[in-house]
Amino acid sequence: MTNTDLRAAVRGRVLLPGDDGFEEAARPWNRSVRQPVAAVVEPADVDGVADTVRYAARTGLTVTAQPSGHGASGDTDGVILLRTGRLGGVAVRPEERLARVGAGAKWGEVLAATGPLGLTGLAGSSPVVSVTGYTLGGGLSWFGRRYGFAADSVRSFEVVRPDGEPATVTAASDPDLFWALRGGGGDFAVVTAIEFGLHPAPALYGGRMMWPGHRTREVFEAFREITAEAPDELSVWFNRFQFPQGPPMVAVDVAFLGEEDEGRALLARLDKIDDVLADKRGPLPVASLGAITDEPTDPALSRSRAELLTGLDDAAATVLLDTPLEPVLAVQVRHLGGALAAARPDAGPSGPVTEPYLLYLLGLALNPELSAAVGARQERFAGELGALVSGRKPYTMLGPGDRAAAAFTEGDLARLRDIKRARDPHGVLRANFPVLA
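These lines cover the structure that appears in this document, whether it is placed above or below. (Residues numbered from 1 in each chain as written. Predicted model: local features only at pLDDT ≥ 70, side-chain atom pairs only at ≥ 80, totals over all residues. Heavy atoms only, no water.)

So, the overall build of the protein
Looking only at helices and strands, the protein has 12 helices and 19 strands in total. On C-alpha atoms alone, the protein measures out to a radius of gyration of 21 Å, which is about the 22 Å that the 2.2 N^0.38 rule sets for 437 residues. Seen through its principal axes, the protein has C-alpha atoms that stretch 65 × 55 × 40 Å. In the protein, buried positions account for 56% of the 437 residues. Taking the intrachain contacts of the protein between residues at least 6 apart in sequence as the baseline, contacts between residues at least 24 apart amount to 72%. Accessible surface, the protein: about 17,200 Å² in total, of which carbon and sulfur atoms supply 51%. Treating the 44 positive side-chain charges of the protein as one cloud and the 55 negative ones as another, the clouds have centres 3 Å apart. (Helix = DSSP H or I, 4+ residues; strand = E, 2+ residues; numbered from the N terminus. Rg over C-alpha atoms; globule rule 2.2 N^0.38 Å. Buried < 20%, exposed > 50% of the residue type's maximum accessible area, 1.4 Å probe, protein only. Contact = heavy atoms within 4.5 Å. Areas by Shrake-Rupley, 256 points an atom, 1.4 Å probe, with all protein chains shown as cover. Lys, Arg positive; Asp, Glu negative; His and termini not counted. Charge placed at Lys NZ, Arg CZ, Asp CG, Glu CD.)

Right, here's the structure in full:
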């Protein structure tokens, strides 16, 4: 491949090793993940995407599509990295409760457009994550307990197929491909736009409460009590924090699709715990959903691990509360269940997820030594939880070193692999976590 070949074939910005800006353009959101790509293409439109895919098919190369690189695995040796961030746009049809978004659109843009209409998409905790990448991986939303995976709200995909031809994919036009794209990752086509259903959100109550570390066990017991009885409209996350040079802290994050009075009543158990450092709960506009956890919106060097848990018994409490955190920064337990656990005949391969809780462990990876130490402590948490760790992981929570097989049942994985072989026999496309790996 030469500059002349690729630049002549593709309408869009093309960067190759040695070009100014190549290294930065190739880096994913998580700066600790290396992406040894052969080229970076930033198409301005769908035609540029099609050009890139046709070029790869003609020359025996492989394309990986990333709007921003959240969830990157680093499995990109020799590929063309297709940055679809310029394919933006959010259009809302409130009377139909539908939104159409380009591949580069972020959740913050969607919620800003839908919130004033009393509607919401099934967004996660960060406003800067791309709607497309998140949805192709299933999408675990704050509102998932009420409405299921984000992927299951999709009505149609606009794609470029592995042969470079654009197409619109619906349940009626191509049932197999439609099913695979709703949570099976980006292994089957390059998605350039998505149309999905919106859900009512006339009122939202949420925020974070925080206490000093000596209240950790009380907060955890309250978390277990609340989640044992929580309605599907309520999502609650438990957090242990140990920031560098800071004291231990514990927090609870909540999002409730309903009015403040009802939300406060459901969470009354938390108000009985003394020494509150901060209580930011209150009515929220949907566009401020990201303020609940207030996650960093700039790229960073980090190392994370997710595990699904079959329960939270006293043995689990001992591990989660008494295991030293350092050098891990945060241990988070998310309550799942509700619609996420329900079997639906029209659902994609994301679910159902019958495990009631998800464990998420996060640390910095500023250098190889720190990254290794963080990984070792994460492994200790998972190992000591033993049989409570189910072994399955939501696709949207996979990290470097994980395989797509961990995200699916055996039957769904076999079907995804059959679809991949039929639709992309020459391996022109590769997801962050390819189903055939």
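Quick look at the sheet that holds strand β3 (residues 63-66)
Sheet architecture is open: 4 strands sit in the order β1-β2-β4-β3, paired in mixed fashion. Each having just a single partner strand, β1 (12-15) and β3 make up the two edges of the open sheet. When strand polarity is set aside, the average angle formed by the axes of neighbouring strands in this sheet is 20°. Of the strand pairs in this sheet, β3 and strand β4 (residues 80-83) are connected by 4 bridges, and their pairing is parallel. Within the sheet, the bridge partner assigned to Gln-66 lies in β4 and is Arg-83. Along the sheet, helix α3 (residues 46-59) makes contact with β2 (39-43), β3 and β4, crossing β4 at roughly 170°. (Pairing = 2+ DSSP bridges. Axes fitted to C-alpha atoms, helices over the stretch in contact; angles between N-to-C directions.)

Quick word on the pattern of salt bridges
Counted according to the given criterion, the structure contains 36 salt bridges. In this structure, Arg-305 and Glu-379 form a salt bridge, with 2.5 Å as the shortest nitrogen-oxygen distance. In this pair, Arg-305 sits in strand β17 (residues 302-309) while Glu-379 sits in helix α11 (residues 368-385), placing the two residues 74 residues apart along the sequence. Residue classification places Arg-305 among the partly exposed positions, given a relative accessible area of 21%. Salt bridges here are not isolated pairs; linked through shared partners, they connect Arg-11, Asp-47, Asp-51, Arg-54 and Glu-165. (Salt bridge = Lys/Arg side-chain N within 4 Å of Asp/Glu carboxyl O.)

Quick word on α3
When the terminal C-alpha atoms of α3 are compared, their 20 Å separation across 14 residues agrees well with the 20 Å that a helix rising 1.5 Å per residue should span. Looking at α3, one finds that the buried residues are Gly-48, Val-49, Ala-50, Asp-51, Thr-52, Val-53, Tyr-55 and Ala-56. A side-chain oxygen of the first residue of α3 lies 3.2 Å from the backbone nitrogen of Asp-47; this N-cap is Asp-45. Once α3 finishes, Gly-60 follows within two positions and takes phi at roughly 75°, a positive value. (Expected span 1.5 Å × (residues − 1). Polar contact = N/O pair within 3.5 Å; in protein donor to acceptor, adjacent residues only side chain to side chain.)

Brief notes about the environment of Val-236
Here Val-236 is to be found in strand β13 (residues 234-241). For Val-236, a relative accessible area of 1% gives the class buried. Sequence-wise, Val-236 and Asp-19 are 217 residues apart; in three dimensions their C-alpha atoms are separated by 47 Å. Sequence-distant contacts of Val-236, defined by excluding residues within four places in its chain, comprise Phe-223, Ile-226, Thr-227, Val-252, Asp-253, Val-254, Leu-267, Val-333, Arg-334 and His-335.

A few points about the packing of aromatic side chains
Scanning all chains against the criterion turns up 11 aromatic pairs. Here the aromatic rings of Trp-107 and Tyr-134 are separated by 5.5 Å at their centres, their planes lie at 80°, and the arrangement is edge-to-face. Here the residue Trp-107 occupies a position in helix α4 (residues 107-114), and Tyr-134 occupies one in helix α5 (residues 131-136), the gap between them amounting to 27 residues. Given the relative accessible area of 2%, Trp-107 is considered buried. When the centroid spacing of 6.2 Å and the interplanar angle of 35° are considered together, the rings of Phe-220 and Phe-223 count as tilted. Here Phe-223 and Phe-220 lie together in helix α8 (residues 216-229), a separation of 3 residues that amounts to about one turn. (Phe/Tyr/Trp six-rings, centres within 6.5 Å; stacked < 30°, edge-to-face > 60°.)

Regarding the side chain of Gln-35
You can see Gln-35 is positioned in the loop between α2 (22-26) and β2. Residue class for Gln-35 comes out buried when judged on its relative accessible area of 9%. Reaching out from Gln-35, the side chain makes a polar contact with the backbone oxygen of Ala-26 at a distance of 2.8 Å. In this structure the side chain of Gln-35 is engaged in a polar contact, spanning 2.7 Å, whose partner is the side chain of Gln-66. Apart from residues lying up to four places away in sequence, Gln-35 is in contact with Ala-26, Arg-27, Pro-28, Gln-66, Ala-72, Thr-76, Leu-81 and Arg-83.

Considering unusual backbone geometry
For the bond running from Glu-326 to Pro-327, omega is 5°, close enough to zero to count as cis. Along the chain, Pro-327 falls in the loop between α10 (314-322) and β18 (328-335). Following Gly-351, the chain continues into Pro-352 via a peptide bond in cis, with omega recorded as 5°. With a phi angle near 55°, Arg-97 is a residue other than glycine that sits in the positive phi range. Its location among the elements puts Arg-97 in the loop between β5 (90-93) and β6 (98-102).

Some words on the packing of α10 against α11
The geometry of α10 relative to α11 is characterised by a closest axis approach of 9 Å and an angle of 165° between their N-to-C directions. The angle between α10 and α11 falls in the class roughly antiparallel. Crossing geometry of α10 relative to α11 is assigned as right-handed. Where α10 approaches α11, its residues Ala-316, Val-319 and Leu-320 are matched on the opposing element by Phe-381, Glu-384 and Leu-385. Its residues assigned to classes, the contact of α10 with α11 comprises 5 nonpolar, no polar and 1 charged. (Parallel < 35°, antiparallel > 145°, perpendicular 65-115°, else oblique. Left-handed = near helix turned anticlockwise from the far one by under 90°. Nonpolar A, V, L, I, M, F, W, Y, C, P; charged D, E, K, R; others polar.)

Regarding the nonpolar core
Counting residues in each nonpolar core, the largest one holds 53 residues, and the members touching the most others are Phe-157 and Phe-196. Listing elements by their share of this core, those giving two or more residues are β6, α4, α5, β8 (154-160), α7 (175-181), β10 (190-197) and α12 (410-423). The element best represented in this core is α7, accounting for 5 residues. Not counting the four nearest positions on each side in its chain, Phe-157 is found in contact with Leu-136, Ala-167, Thr-168, Val-169, Phe-178, Leu-181, Arg-182, Val-191, Ala-193 and Ile-194. One finds Leu-309, Ala-316, Leu-320 and Leu-361 within the second-largest nonpolar core, a separate group that totals 38 residues. (Core = buried A, V, L, I, M, F, W, Y, C linked by side-chain atoms within 4.5 Å.)

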